[in-house]
Structure formats: structure tokens, C-alpha cells
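Descriptive structure summary
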Amino acid sequence: MSGYLITIATIIVINAIVVCGLNVIVGYAGQISLGHAAFFGIGAYSAALLATKAGLSFWAALPLVVTISSVVGLLLGLPSLRVKDDFLAITTIGINFIVEAVFLYIPFFGGALGIGGIPRICLFGLRLKGFSFFLLCLAFLVLVMTACWWFTRCWAGLACFALREDEEAAASVGISPVRFKLLAFVAGTAMAGLGGALYAHYMRFISASDFSFPVSITLLSMLVLGGMGKLWAPLLGAVILGALPEIFRPLVEYRILFYTAILLLMIRFQPSGLLGDESLARKVLAKVVPGGGR
Amino acid sequence: MLLEVEDLHIAYGDIEAVSGVSFGLEQGELVSIIGANGAGKTSILNALMGVVGVKKGRIMFAGKEITRLPAFRRARSGMRIVPERARIFPRLTVHENLLVGAYGLRKKIDLDSRLKWLYGLFPILEKRLGQPASTMSGGEQQQLAIARALISSPGLLLVDEVSMGLMPKLVDGVFDLLYRLNREEGLTILLVEQNAVASLEISGRAYVLETGSLVHQGPADKLAQDPRIREVYLGH
Ligand SMILES: Nc1ncnc2c1ncn2[C@@H]1O[C@H](COP(=O)(O)OP(=O)(O)OP(=O)(O)O)[C@@H](O)[C@H]1O
Ligand SMILES: [Mg+2]
């Protein structure tokens with residue numbers, strides 16, 4: 001594989017990990033989030049600071065990074081207990097802007113210059129770059145998707161689904177909305193944090209704009225395109241939206257416009273996404289391949 | 001008393017929907033509240049379940065005050081509701097809906113035998129297990145809502161207008177089922193209905209609710225004979 005292809009594939013896989021986290025929050029628990037990039041950023045900045053300032057290796061820092069991301073996720077998830085729907089959407093946008101501003105204006109976080117000199121990840125004495133780093137990301141994606149798969153099959157997952165469908169009805173059968181919303185936020189932001197750590201060690205230089213509001217829109221577009229609540233949606237969405245601008249170069253300039261258009265079109269015409277039960281793609285697939293609609 | 005309600009007031013903004021209602025249920029009773037559209041029946045049941053706030057008053061359940069307890073805690077202590085218009089979980093399958101109903105039970109129930117019992121009561125559910133609940137007909141969704149509540153073998157069952165959307169034969173079936181659950185299994189049931197004829201027939205006692213206040217109460221058969229009630233609620 002050429003370096004160029006590996007770069008695109010690596011970014012796609014990292015995005016897929018982060019979108020898996022978004023899927024837990026939005027797709028499984030039904031809590032709209034337009035600020036997921038904030039948690040992606042918190043993971044990246046924690047990893048960068050722990051590596052450059054504290055001198056910790058990626059592996060030593062990883063548990064801390066995931067903990068920091070999910071604790072901040074828990075704290076910032078608290079508003080979701082009080083507000084719903086459009087108010088929650090606006091609150092999460094606010095969270096994204098605040099976190100970005102903190103990175104940008106507080107010198108500790110490197111200010112406008114960001115953080116550079118982030119070391120590569122070492123594994124068994126090997127400095128991972130190119131294809132080997134891609135394989136590492138892929139291994140983490142498998143781990144995250146396995147966790148998601150397991151989550152959809154356990155009681156906690158079922159409780160989250162019920163909450164997403166009808167919060168009052170779920171509470172009336174004994175499901176604590178507070179507990180499961182927070183659980184989803186913690187799990188989802190932990191995955192975003194993991195993605196952020198990989199991103200920081202891959203780019204080796206990060207700045208606040210890497211985690212701005214348009215990035216949240218991009219992440220959400222990937223999820224909506226793939227199909228909210230579906231296991232494979234994050235990967236499918238990340239592949240399509242990651243590859244298209246590379247195939248059609250002119251799109252690069254208008255990337256955000258393109259992502260936003262995809263988001264709006266999907267919500268209008270195919271709200272359940274490409275993998276959704278009622279989707280056009282599934283119906284076409286079912287016609288072409290017998291049994292392919294499943 | 002299993003359930004005791006004292007001076008219950010419920011308001012939506014400035015509109016008071018329920019103004020000072022007091023009533024109670026003994027363990028093992030089947031009691032109904034009848035009343036016209038907008039009388040406040042659903043408001044009362046929702047306040048009992050904890051999904052609607054109480055402005056003033058007190059609710060006691062199984063010897064404990066639950067007035068400010070969140071809904072999920074009331075459910076944990078054995079209260080279940082068959083909500084108005086069923087409110088099944090639309091994108092979950094029929095089977096998942098039933099499982100959610102058994103969520104977080106402290107007492108161990110034999111899920112399989114419980115499910116089998118429910119399939120006996122509602123054969124349609126077994127045939128549709130893997131299907132998203134939203135694809136069930138309105139009447140089937142009502143049955144699913146009842147099954148979802150019953151799977152936990154509740155201590156108190158609140159039932160809001162089950163007859164709505166069911167064909168007459170099924171209405172009879174469901175009322176007959178509630179009657180049997182009450183008499184044979186000792187299930188305590190609070191029934192809220194516009195279908196006064198059917199609900200008075202199976203209830204031991206009943207209350208009549210008019211614009212947020214209880215105006216009559218007594219043994220169901222007595223109320224069914226009362227000319228004032230016959231005129232307004234029984235249509236003759
Ligand atoms: N969420 C709400 N916001 C504002 N007013 C409400 C709300 N819910 C109910 N009400 C009002 O409270 C009153 C009682 O409503 P409720 O649903 O309890 O009546 P009901 O007896 O169940 O009627 P029905 O037989 O039609 O189901 C009505 O006047 C209704 O308009
Ligand atoms: Mg009602």
C-alpha cells in the first residue's frame with residue numbers, strides 16, 4: 001500500500017473509533033450530541049500532554065486518557081439529564097465551543113500553536129508508523145466494535161434502547177434514565193478519547209481547530225449516513241465520507257458543505273441511514289443479492 | 001392499605017387538572033375510576049407512576065411515602081402501568097419489549113415460564129416475537145403493553161384505558177383477563193376507563209371523577225345502579 005492510501009485508511013479507522021462512541025450516545029441511548037469532537041479533542045490533548053509534559057508512553061498514558069475523557073464526558077453529560085432534544089443539541093454545541101476555546105486560549109494547552117513533538121507509539125520496541133500504526137488502529141477498532149456489539153446484547157444496552165424509544169415508558173418499567181444516559185456518555189466519550197489519543201500520536205502535532213464544531217458535524221454525518229444505532233454504521237460512514245473527497249478532489253475545498261448536505265439529505269430522505277431497516281440501499285441489495293437485505 | 005392517595009393536586013402550568021383527590025386501594029382489590037374525556041384520569045395514573053409531577057398531596061404505596069420518588073424506583077417496588085395508547089417501544093422487537101418489562105427485577109422470576117404463560121394469554125405475541133413492535137396493529141400493541149407490565153408479576157397494576165382501540169371481542173377478553181388475574185392471582189388493579197359498563201362489571205369498588213374531583217364512590221354494582229351515573233356514563 002502506498003503511504004497516501006495508508007494515511008487515508010488510518011484517518012478513516014480513527015474516525016470510525018470516534019464515531020462508534022458517538023453511536024453509543026446518539027444511536028443507542030438516543031441523546032443527541034453535536035459536540036462529540038470536544039471529547040475527541042480531550043482525548044487527544046490529554047494524550048499529547050501526558051506524552052510531552054509528563055513523559056509517559058502511549059501505553060502508560062492510555063488508561064489515564066480514557067479515564068480523563070470519560071470523567072469529563074460524565075461531567076459534561078450532566079446537562080443531558082436536564083435538557084432534551086433541541087436544547088440538548090444546543091448545549092452540546094456549546095460544550096464543543098467551550099472546549100475548543102479552552103484549548104485555544106489557555107497557554108497550558110499550547111494556545112494557538114497547539115502541541116507538537118508528540119512521540120510515536122512504541123510496541124515491543126518497535127516504533128509504529130505507516131502500515132504498522134494502521135494495524136494498531138485497526139486492532140483498537142475491532143476492540144471498540146466488539147465492545148459495542150456486546151453492549152447491544154446485554155441488559156444495559158437494552159435499557160439504553162428502551163430509553164431512546166420512550167423515556168417515560170422506560171422509567172415506568174424500572175429503568176433509571178439518569179444512570180443509563182450517563183453510562184452511555186461515559187462509554188461514548190471513552191471511545192472518543194481513545195480515538196483522540198491515536199490521532200495525537202499519529203499526527204504528532206495537534207491544535208484546537210482539529211476538534212472544532214465542524215468536526216462534530218462531520219462525525220455526526222458519518223453516523224447518520226451509516227445508520228444510527230447500527231453496529232457497522234460508524235465504519236461504513238467513515239469509509240464513505242473519508243474516501244469520497246479523495247476520489248473527487250474538488251470536494252476537498254467544500255468538505256464541510258458536502259458533509260452538511262449529506263447530513264441534511266439523509267435526515268430528510270433516509271433517516272435510518274444506509275444500514276437502516278427501511279433503507280433504499282437495503283432494498284436494492286435485497287433485489288440484487290437474494291437475502292442481501294438482511 | 002396498599003395504595004393511599006391524599007389530597008392529590010396535579011397541574012400543567014396554570015391549568016389544574018386534578019384538584020384534591022383522595023382514595024385508596026386495599027391489597028387484592030380491583031378498583032376503577034370512571035370519568036369523561038379530560039376528567040383527569042390519565043393525570044392521576046401518571047402521577048401515581050411518577051411520570052407526572054404532583055403539585056400538592058401525598059401518595060403512599062406499601063407503607064412508604066412515594067410522592068417524590070422517581071418513576072423507576074416506583075417500578076422497582078412493584079408498580080406497573082399499562083399506559084394510555086400502549087406506548088410500546090416501537091423499534092424494539094416484541095420479544096425485546098417483553099424483556100425490558102422484566103428489567104431489573106429483584107425477585108428471581110423464571111423468565112421462560114413467565115413468557116410461556118403470557119403467550120398463552122396473548123398468542124399473537126408469540127407469533128410476532130422477532131418483529132418490530134411498531135409493526136403491530138393498535139390492538140396488538142395494547143396486548144403487548146399488558147404483557148410487558150404483567151411479565152414482572154407486579155404488586156399493583158395501573159391500567160389506563162385498555163379498551164381503547166380494541167375490538168369488542170378483545171375488550172371482553174381483556175376485561176375477563178383482568179378479572180381473573182385479580183380473583184385468581186390476587187393482583188391488585190386500578191383501572192381507569194371511559195368504558196364504564198365493562199369496568200364497573202369487573203370492579204369491586206369504583207370512583208367517579210368529574211373535572212378533577214371525585215364526585216361519587218362506592219361498590220361498583222351500587223354505582224352501576226345509580227340513576228345519576230347511569231344517565232351520564234352508561235347512556236341510559
Ligand atoms: N401535558 C399536558 N399539558 C397541559 N395540559 C394537560 C396535559 N395533560 C393533560 N392536560 C389537561 O389535563 C386535563 C386532564 O387530562 P387527562 O389526560 O388526565 O384526562 P383523561 O381523564 O385521561 O381524559 P381521556 O379520557 O380523554 O383520556 C385535560 O383538561 C387536559 O387537557
Ligand atoms: Mg386519559
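Residues numbered from 1 in each chain as written. Chains lettered and ligands numbered in written order. Predicted model: local features only at pLDDT ≥ 70, side-chain atom pairs only at ≥ 80, totals over all residues. Heavy atoms only, no water.

1. Describing unusual backbone geometry
Residue and element names in this part refer to chain B. Convention followed: The helix and strand labels rest on DSSP assignments: H or I over at least four residues marks a helix, E over at least two residues marks a strand, and numbering proceeds from the N terminus. The classification of residues rests on relative accessible area computed with a 1.4 Å probe and restricted to protein chains. Under 20% of the type maximum is buried, over 50% is exposed, and intermediate values are partly exposed.
Despite not being glycine, Arg85 shows a phi value in the positive range, around 60°. Here Arg85 lies in the loop between β6 (79-82) and α3 (94-101). Arg85 sits in the exposed class, given a relative accessible area of 58%. The backbone of Ser153 shows a phi angle near 40°, a positive value even though the residue is not glycine. The topology assignment puts Ser153 in the loop between α6 (138-150) and β7 (156-160).

2. Considering the pairing of β7(B)
All names here are of chain B. Going by this rule: Two strands make a pair as long as DSSP finds a minimum of two bridges between them.
Burial within β7 is extensive, with five of its five residues counted as buried. Neither face of β7 is open: one carries Leu156, Leu158 and Asp160, the other Leu157 and Val159, and all of them are buried. Pairing between β6 and β7: four bridges, direction parallel. The partner of Arg80 across the bridge, within β7, is Leu157. Sheet analysis places β7 next to strand β8 (residues 188-193), joined by five bridges and oriented parallel. Of the residues in β8, the one forming a bridge with Val159 is Leu191.

3. Observations regarding the sheet that holds strand β1 (residues 3-12) of chain B
Residues and elements named next belong to chain B. As a reminder of what qualifies: Contacts are assigned to residue pairs with any non-hydrogen atoms lying within 4.5 Å of each other. Lines are fitted to the C-alpha atoms to define the axes, a helix being fitted only along its stretch in contact, and any angle between axes, read from their N-to-C directions, falls within 0 to 180 degrees.
Taken in spatial order, the four strands of this open sheet run β2-β1-β4-β5, and their pairing is antiparallel. Looking at the sheet topology across the chains shown, the edges are occupied by β2 (15-25) and β5 (64-65). Where strand β4 (residues 56-61) meets β5, two bridges bridge the pair, whose relative direction is antiparallel. Among the inter-strand pairings, Met60 is bridged to a residue of β5, identified as Glu65. Each of β1, β2 and β4 is contacted by helix α1 (residues 41-49), which is oriented at about 115° to β1, the strand it contacts most.

4. A short note on the site of ligand 1
All names here are of chain B. Rules: Here a residue counts as near a molecule or strand whenever at least one of its heavy atoms sits within 4 Å of it. For this analysis, a polar contact is any N or O atom pair within 3.5 Å, provided that within protein one partner can donate a hydrogen and the other can accept it, and provided that sequence-adjacent residues contribute only side-chain to side-chain pairs. For every accessible area listed, the method is Shrake-Rupley and the probe measures 1.4 Å; residues are considered covered only by the protein chains on display. For this classification, the nonpolar set comprises Ala, Val, Leu, Ile, Met, Phe, Trp, Tyr, Cys and Pro, the charged set comprises Asp, Glu, Lys and Arg, and every other residue, Gly included, is treated as polar.
Close to ligand 1 lie 13 residues, the nearest being Asn37, Lys41, Thr42, Ser43 and Glu84. The side chain of Ser43 places a nitrogen or oxygen atom 2.5 Å from an oxygen atom of ligand 1. In isolation ligand 1 has 630 Å² of accessible area, and contact with the protein removes 61% of it. Here the residues of the shell around ligand 1 are counted per class, giving four nonpolar, six polar and three charged.

5. Quick notes on the side chain of Lys41(B)
Residue and element names in this part refer to chain B. Stated formally: Positive: Lys, Arg. Negative: Asp, Glu. His and the chain ends are not part of the count. When a carboxyl oxygen of Asp or Glu lies within 4 Å of a side-chain nitrogen of Lys or Arg, that pair is called a salt bridge.
If you trace the backbone, Lys41 turns up in helix α1. Within the buried core, Lys41 has no salt-bridge partner, and the shortest N-O distance to an opposite charge, that of Glu161, equals 4.5 Å. Here the side chain of Lys41 touches Gly35 through a polar contact of 3.0 Å, landing on its backbone oxygen. Beyond its immediate stretch of four places on either side in the chain, Lys41 contacts Ile33, Ile34, Gly35, Ala36, Glu161, Val192, Glu193, Gln194 and Leu209.

6. Describing the domain arrangement of chain B
Residues and elements named next belong to chain B. To keep things clear, this is the line we draw: These domain limits were set by an automatic method or by a database of domain assignments. Using a 1.4 Å probe, buried area is obtained as the accessible area two parts lose upon being combined, added over both of them.
As assigned here, chain B comprises domain 1 (1-78 + 155-236) and domain 2 (87-153). Centre-to-centre, using C-alpha coordinates, domain 1 lies 23 Å away from domain 2. On the domain 2 side, the residues contacting the 15 residues of domain 1 number 13 residues. A buried area of about 1,000 Å², summed over both sides, lies between domain 1 and domain 2, and 67% of it is on carbon and sulfur atoms. Run the count over domain 1 and domain 2 and you get zero salt bridges. For the interface between domain 1 and domain 2, the tally reads zero residue pairs in polar contact (both at pLDDT 80 or more). Counting residues per element, the side of domain 1 that touches domain 2 draws most heavily on helix α7 (residues 168-185), which supplies six residues. Residue classes in the side of domain 1 that touches domain 2 are distributed as nine nonpolar, two polar and four charged.

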